[in-house]
Amino acid sequence: MIVLKFGGTSVQDSASMNRALAITAERIDKAPVLISSAMAKITDSLIETTVEAVAGNGTRALEIVDAIKERHLKCAYEFLKGKNLDYAGSRINEIITELRSILRGCAYLKECSPQSYDAVISCGELLSTVLLHARALEMGIDAVWLDSRQLIKTDSVYGEASVDFELTAAAVRNAISPQPGKLYIAQGFIGSDSNSLTTTLGRGGSDYSAAIFGSILDAREIQIWTDVNGIMTTDPRLVPEAKTINEISYEEAAELAFFGAKVVHPATIQPAVSKKIPVTVLNTRDPEGIFTRIAEKTAYEGLKAISGKKNVTLVTVVSSRMMNAVGFLARLFAIFQDHNTSVDLVSTSEVSVSMTINKTDKLAEIKADLEKLGSVSIEEDKAIVCLVGKGIWKDSRNITKAFAALEGTKIRMISLGASDTNLSALVPSHKLNEAIVALHKAFFG
């Protein structure tokens, strides 16, 4: 069997959904499971409803809900009729009614709890998959709609829930019996906790959902369908000359995604790695075009791509107590763990440690705790530019070429990945795009 995951731009309207289902129908003999994101921009609109509700603008929140409903009903009327149209319309109304109820409560209390927030933003995937299911039936496909909230079981960390793989595996295997000629349709991004309350896996979690289903069902392949021809050497919106990477390793793809690439979510990689399942990234608008295959190993080493990550904060701790002190770093990093904040890059010297973070909501508390260990400085408005490719820094010419390309850019910190797969530099945020363009020109022409 195979898993096909379609992103928001691949299901953004009736024409896009038709393309997605045509692609799926061509693979119906491979026992497909289809995982879908919400329509493009719908999750953003749902987030906006919570902001308006908490601000006491309940009327405005419900106006946004009305627009969301109309967009989905318009799609339904464009490609459905008869009983399939009735089915889709009824289901859309059910989801919208529940959404309105939650938002009215938020507006009344002027508060949106993490549980309510996840329940609100989960509606996009529920709506899109209802339309896909109805259209598949209209096309004569033997299709089954599944509720991922009953299948993907998680803890109760709303917004960034962790999956309970044992419970999830049992639920998925009980609900899905892959067979040629039959299509299962489920939502990405969403799940539920032990109290059956809706949870979400974080933005980009639809890719993760696809990998979870694929790993549990021993998929032959996981296909990620998006709006570009695979993974590019950099963001084509920034560098139009960017090229498609034909093949990339799990490790390289994870590094790229972690440091800013938008095509594949970092967590997608791990479930696939555990089962050695290849992940293919394709373009819904050009299904026969070039694509990227992500596999355990690739045929060649060297630079594959350049990515960037903004909104980075540099935290530096200086302390003479570091010298020859057993356990000092453990105590230091435990502080970040205590505040649920992950560290990206790390650089150390005899008496100092510099670390980059993205999440800054606990920065004041982190700084206060770190000051118990030494003096602390904070530098904001930074960005990470990252060169990714297996063995990249084994060839000293790559290092020379990179720094030559960045001449004139103030580099605050550098990091050579321990796995020899990335070379990263910390630069001012306003210089990130310029740095990426210069590096891409230097390495890819």
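Reading the values: the criteria
Each chain carries its own residue numbering, running from 1 in the written order of its sequence. Residue-level local features of this predicted model are given only where pLDDT is at least 70; pairs of side-chain atoms are given and counted only at 80 or more, and the full residue set underlies all totals for whole chains, interfaces and linings. Water and hydrogen atoms play no part in the side-chain values, which are based on all heavy atoms of the structure. One requirement defines pairing of two strands: DSSP has to find at least two bridges between them. Numbering of helices and strands runs from the N terminus; a helix is a DSSP stretch of H or I covering at least four residues, while a strand is a stretch of E covering at least two. Orientation is described by lines fitted to C-alpha atoms, with helices fitted over the stretch in contact, and by angles between N-to-C directions that extend from 0 to 180 degrees. Note on classification: 1.4 Å probe, protein chains only; a residue is buried when its accessible area is under 20% of the maximum for its type, exposed when over 50%, partly exposed between these limits. Within this analysis, the arc is defined by the directions that extend from the helix axis to the C-beta atoms. Throughout, a residue-residue contact means that at least one pair of heavy atoms, one from each residue, lies within 4.5 Å. Of the grid points, spaced at 1 Å and generated over the protein atoms alone, those admitting a 1.4 Å probe that cannot get out make up cavities, while open sets with protein on both sides within 12 Å along at least five of seven lines make up pockets; any residue with an atom within 4 Å of a point is treated as lining. Grid points are joined across faces, edges and corners, and a volume is the space filled by probe spheres set on the points. Any Phe, Tyr or Trp ring, taking Trp's six-membered ring, that has another such ring centre within 6.5 Å forms a pair; planes under 30 degrees apart are called stacked, those over 60 apart edge-to-face, and the others tilted. As a reminder, the over-ring test applies to NZ of lysine and CZ of arginine, requiring each to be within 6 Å of the ring centre and within 35 degrees of the ring normal. Throughout, disulfides are identified as pairs of cysteine sulfur atoms within 2.5 Å of each other. In this scheme, a helix's expected span is set at 1.5 Å multiplied by one less than its residue total.

Asks: Help me get a handle on the sheet that holds strand β12 (residues 346-348), residues and values and all.
Replies: On the basis of which strands lie adjacent, the open sheet formed by six strands has the order β12-β13-β11-β14-β16-β15 and antiparallel pairing. The open sheet has two edge strands with one neighbour each: β12 and β15 (413-416). In this sheet, adjacent strand axes meet at a mean angle of 25° when their direction is disregarded. In terms of strand pairing, β15 meets strand β16 (residues 422-428) through four bridges, oriented antiparallel. Along β16, the bridge assignment pairs L416 with L423.

Asks: Explain helix α13 (residues 396-405) residue by residue, including any values.
Replies: Along α13, the residues classified as buried are N398, A402 and A405. Burial along α13 is one-sided: seen end-on, the buried residues are contained in an arc of 65°. Exposed residues on α13 whose side chains face more than 90 degrees from its buried face are S396, R397 and T400. Where α13 is buried, its residues meet β14 (375-388), β16 and α14 (432-444).

Asks: Please give an account of empty space enclosed by the protein that cites residues and values.
Replies: Unoccupied space between atoms shows up once a probe the size of one water molecule is rolled over them. Evaluation of the coordinates by the stated rule reveals two cavities of 30 Å³ or more. The volume enclosed by the largest cavity comes to roughly 50 Å³. Taken together, V385, L387, A402, F403, L406, I414, L423, S424 and A425 make up the full set of residues lining the largest cavity. Looking at the lining of the largest cavity, the elements with two or more residues in it are β14, α13 and β16. Counting residues per element, the lining of the largest cavity draws most heavily on β16, at three residues.

Asks: An account of the packing of aromatic side chains is requested, with residue identities and associated values reported.
Replies: The full count for this structure, using the stated rule, is one aromatic pair. Pairing F6 with W225 gives two aromatic rings, centres 6.0 Å apart and planes at 20°, and the pair type is stacked. Separated by 219 residues along the polypeptide, F6 in strand β1 (residues 2-6) and W225 in strand β7 (residues 221-226) bring together distant segments of the chain. Across the pair, exposure class does not vary: F6 and W225 are buried alike. Directly above the aromatic system of W145 lies the positively charged group of R91, at a separation of 4.4 Å from the ring centroid.

Asks: Let's hear about the sheet that holds strand β3 (residues 142-145): which residues, and what values?
Replies: Strands sit in the order β3-β4-β2-β1-β7-β9-β10-β8 across an open sheet of eight strands; the sheet is mixed. A strand with exactly one partner marks an edge of an open sheet, and here the two such strands are β3 and β8 (247-249). Direction aside, neighbouring strands of the sheet carry axes that sit 20° apart on average. Contacting β2 (32-36), β3 and β4 (182-187), helix α6 (residues 123-138) runs over the sheet at an angle of about 165° to β4.

Asks: With reference to specific residues and values, describe the pairing of strand β11 (residues 305-318).
Replies: For β11, the buried fraction is high: 10 of the 14 residues fall into the buried class. As paired strands, β11 and β14 are joined by 11 bridges and run antiparallel to one another. What sits directly across from I306, in β14, is L387. Pairing analysis gives six bridges linking β11 to strand β13 (residues 352-357), with the strands arranged antiparallel. Its bridge partner lying in β13, V315 is registered against M355.

Asks: Would you mind going over the state of the cysteines in detail, with residue names and values included?
Replies: For the structure shown, the criterion picks out zero disulfides. Free cysteine: C106, not disulfide-bonded; nearest cysteine sulfur from C112 at 3.8 Å. Note on C123: no disulfide assigned, nearest cysteine sulfur contributed by C112 at a separation of 11 Å.

Asks: Just give me the short version of α14, but keep the residues and values in it.
Replies: Its 13 residues place the ends of α14 18 Å apart at the C-alpha level, agreeing with the 18 Å of an ideal helix rising 1.5 Å per residue. Every buried residue of α14 is accounted for by L432, A435, I436, L439, H440 and F443. Within α14, the buried residues cover an arc of 130° as seen down the axis, which keeps them to one side. Those residues of α14 that are buried lie in contact with β11, β14, α13 and β16. Downstream of α14 by one or two residues, G445 has phi in the positive range, about 80°.

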